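# Secondary and tertiary structure notes
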Amino acid sequence: DYPGKNWVAKPKVAMLFQIMSPAASRTPRATVLTNLFTSLYLDTLTLTTYDAQVAGLSWALTSDMDGLGITVGGYNDKADLLLTQITDPLVTCLRTKTPCDWANPSRFETIKDEMRRALENRKKAAPVSRAMESMSRIMMKRGWSVDSLLNALSHSNIDLQTLSEHVLTVFDQVHVEGFVHGNVPPSYAKSALDTVVTALGAKPLPEDSRDTQQVVQLTAGRLFAEPHTNPDDLNHAIELYYQAKEQGIGVDVTATLLGEMAAEPCFNQLRTIEQLGYIVSCRSRPMMGTYPPAVNGFSVIIQSSLKDPQHLDQSARNFVDGFSRNLTTMAPEVFEAHKKALLAKIREKDMTMSDETGRLWGEITKRRYAWDRVKQLEEALQPLTLEAVAAFAADTLDLTAHSMAVWVYGKKMQPPGDDELLKAG
């Protein structure tokens, strides 16, 4: 508890742990197995943790490209008991070669089928979602397409035996980071971390063995075109991304301000005047690897049933070029209004304990550990001038130097051949 917060203190706690293990997502097959394990484990413990949930406690086991995550929240007098209950069975049964409660053949097959259907449904997502997903996958060191995950899932050797071997591999060497937030003493946090580490019983993961997620550095203009995986969708979509050359908090603030300044004229030109489609957006586009700083940039997103991706891309380029050229003509009072609006967003206070937990945990998962991030953002924004933003735009919004375009074709259309794409690019 402390003065200035916007909520009444309660005897609650949130415990969050990230378990870094490169083996969890090194390949599409590993990613599928990890997701199967988290789903099966959650399903198995639903009944045994029901009473805890009725008593106001909650928990989750998740997976991402860096490994797995464990979350426990609720009243602090029993949360530590729930943490023990959900972590003890994780891998102990495999190491002691005793039957695992989660190794249920019928539930395993059901969850495999549910995962297959979920992946098939992802293929039917809107083209704009497909474009953004493809952009993220292309721009990251590790990222797997829906088709590659479905292919891995379809193999006959995806069974409980294979899953058990995979779980042992995942928990063989790990690096654990934790955050305990709420009305508890430091000793409570240390005990919670000990509980997780003891339950995993893993060897420490050496720093040079951490297969970290990284962002691709663009050194030229690139173009990737693909047909939509739902041939019945009548829309096309694009994402045009310009990558900033530098990183750091100054670039983050400048890119965010540029996105705020572009949002309204972008919508007015591409949606209202050109009437390209209902989904039109211009914004900053930060991409985050395992370690900071984030790689920021600027993104234009359009979905349309009226124009094909080549036309949408050209319209996006024309807008970006014109906007960048005319930035210095923006009225000073308009620029200051944009700065004030962004400063107000930065200064927004946490309204609940959950808000504060999420903000602080974000600093940990991004490995920034900048507890005074709000102050840093304010200090970076206040001296920013229109001339500085215009110079950043001129340097960043260079199509041939460091950009990536993703085109998604709907209406059962196929992308043009490479020669045509080269002409389009």
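Residues numbered from 1 in each chain as written. Predicted model: local features only at pLDDT ≥ 70, side-chain atom pairs only at ≥ 80, totals over all residues. Heavy atoms only, no water.

### Focus on the overall build of the protein
Broken down by element type, the protein carries 16 helices and ten strands. A compact globule built from 425 residues would reach a C-alpha radius of gyration of about 22 Å, and the protein, at 24 Å, matches this within 12%. Across the 425 residues that make up the protein, the buried fraction comes to 47%. Long-range contacts, defined as pairs at least 24 residues apart, comprise 83% of the intrachain contacts of the protein with a sequence gap of at least 6. Surface accessibility of the protein: about 20500 Å² in total, with carbon and sulfur atoms responsible for 53%. (Helix = DSSP H or I, 4+ residues; strand = E, 2+ residues; numbered from the N terminus. Rg over C-alpha atoms; globule rule 2.2 N^0.38 Å. Buried < 20%, exposed > 50% of the residue type's maximum accessible area, 1.4 Å probe, protein only. Contact = heavy atoms within 4.5 Å. Areas by Shrake-Rupley, 256 points an atom, 1.4 Å probe, with all protein chains shown as cover.)

### Focus: helix H9 (residues 186–200)
Its 15 residues place the ends of H9 22 Å apart at the C-alpha level, agreeing with the 21 Å of an ideal helix rising 1.5 Å per residue. Listed as buried for H9 are Tyr188, Ala192, Thr195, Val196, Ala199 and Leu200. When H9 is viewed along its axis, its buried side chains cluster within an angular range of 120° and face the same direction. Exposed residues on H9 whose side chains face more than 90 degrees from its buried face are Pro186, Ser187, Lys190 and Thr198. Downstream of H9 by one or two residues, Gly201 has phi in the positive range, about 55°. (Expected span 1.5 Å × (residues − 1). Arc of directions from axis to C-beta.)

### A look at the packing of aromatic side chains
Overall, the coordinates contain seven aromatic pairs when judged by the stated rule. On the numbers, 6.3 Å between centres and 90° between planes, the contact of Tyr41 with Trp59 is edge-to-face. In this pair, Tyr41 sits in helix H1 (residues 28–45) while Trp59 sits in strand E2 (residues 58–64), placing the two residues 18 residues apart along the sequence. Across the pair, Trp59 and Tyr41 agree in class, each one buried. Sitting above the plane of the Tyr75 ring, Lys12 keeps its charged end 4.9 Å from the centroid. (Phe/Tyr/Trp six-rings, centres within 6.5 Å; stacked < 30°, edge-to-face > 60°. Lys NZ or Arg CZ within 6 Å of the ring centre and 35° of its normal.)

### A short note on the sheet that holds E2
Read from one edge to the other, the open sheet built from five strands follows the order E2-E3-E1-E4-E5, with strand pairing classed as mixed. In this open sheet, the two strands that pair with only one neighbour each are E2 and strand E5 (203–204). As paired strands, strand E1 (residues 12–20) and strand E4 (residues 173–182) are joined by eight bridges and run antiparallel to one another. Looking at E4, one finds that Leu16 is bridged to Phe179. (Pairing = 2+ DSSP bridges.)

### Describing helix H6 (residues 127–139)
In this model, H6 (13 residues) spans 18 Å end to end at C-alpha, consistent with the 18 Å of a helix rising 1.5 Å per residue. Listed as buried for H6 are Pro127, Val128, Arg130, Ala131, Ser134, Met135, Arg137 and Met139. The elements touched by buried residues of H6 are strand E6 (221–227), strand E7 (236–243), strand E8 (279–284), strand E9 (297–304) and strand E10 (403–409).

### Examining the pattern of salt bridges
Applying the stated criterion across every chain yields a total of 18 salt bridges. For the salt bridge of Arg368 with Glu363, the shortest nitrogen-to-oxygen distance reads 2.7 Å. Under the relative-accessibility criterion, Arg368 is labelled partly exposed at 24%. One network of salt bridges, in which partners are shared, links Asp113, Arg116 and Arg117. (Salt bridge = Lys/Arg side-chain N within 4 Å of Asp/Glu carboxyl O.)

### A few points about the environment of Asp350
Tracing the sequence through the fold places Asp350 in the loop between helix H12 (332–346) and helix H13 (353–365). Engagement of the side chain of Asp350 in a polar contact is seen with the side chain of Arg359, the distance being 2.8 Å. (Polar contact = N/O pair within 3.5 Å; in protein donor to acceptor, adjacent residues only side chain to side chain.)

### Quick look at the sheet that holds E8
Read across the sheet, five strands follow the order E6-E10-E7-E9-E8 without closing on themselves; strand pairing throughout is mixed. Strands with a single pairing partner mark the edges of an open sheet, and in this sheet they are E6 and E8. Geometrically, the sheet is characterised by an average inter-axis angle of 10° between neighbouring strands, direction not taken into account. As judged from the eight bridges shared by E7 and E9, these two strands associate in the antiparallel manner. Looking across to E9, one finds that Tyr241 is bridged to Ser299. Across the face of the sheet, helix H11 (residues 309–326) comes into contact with E7, E8, E9 and E10 while running at roughly 35° to E7. (Axes fitted to C-alpha atoms, helices over the stretch in contact; angles between N-to-C directions.)

### Some remarks on the packing of H1 against helix H5 (residues 105–122)
Between H1 and H5, the least distance of the axes is 10 Å, while the angle of their chain directions is 125°. If you check the angle between H1 and H5, you find them oblique. Seen from above, H1 lies across H5 with right-handed handedness. Facing H1, whose interface residues are Val32, Asn35, Leu36, Ser39, Leu40 and Asp43, H5 presents Arg107, Phe108, Ile111, Lys112 and Met115. A per-class count over the contact of H1 with H5 returns six nonpolar, two polar and three charged. (Parallel < 35°, antiparallel > 145°, perpendicular 65-115°, else oblique. Left-handed = near helix turned anticlockwise from the far one by under 90°. Nonpolar A, V, L, I, M, F, W, Y, C, P; charged D, E, K, R; others polar.)

### Points about the state of the cysteines
Applying the stated rule across the entire model yields two disulfides. What pairs with Cys93 in a disulfide is Cys100, and their sulfur atoms sit 1.9 Å apart. Because the torsion about its S-S bond is 100°, the bridge between Cys93 and Cys100 counts as right-handed. The exposure class of Cys93 is buried, given its relative accessible area of 10%. Each disulfide pairs two cysteine sulfurs, and for Cys266 the partner residue is Cys282, the sulfurs being separated by 2.2 Å. A torsion of 70° about the S-S bond marks the disulfide between Cys266 and Cys282 as right-handed. Of this pair, Cys266 sits in helix H10 (residues 249–273) while Cys282 is found in strand E8, placing the two residues 16 residues apart along the sequence. (Disulfide = S-S within 2.5 Å.)

### Comments concerning the environment of Val91
Note that Val91 resides in the loop between helix H3 (76–87) and helix H4 (92–95). Along the primary structure Val91 and Val167 are separated by 76 residues, whereas in three dimensions their C-alpha atoms are 7.4 Å apart. Once residues lying within four places of it in the same chain are set aside, the contact partners of Val91 are Val167, Leu168, Phe171, Ala199 and Leu200.

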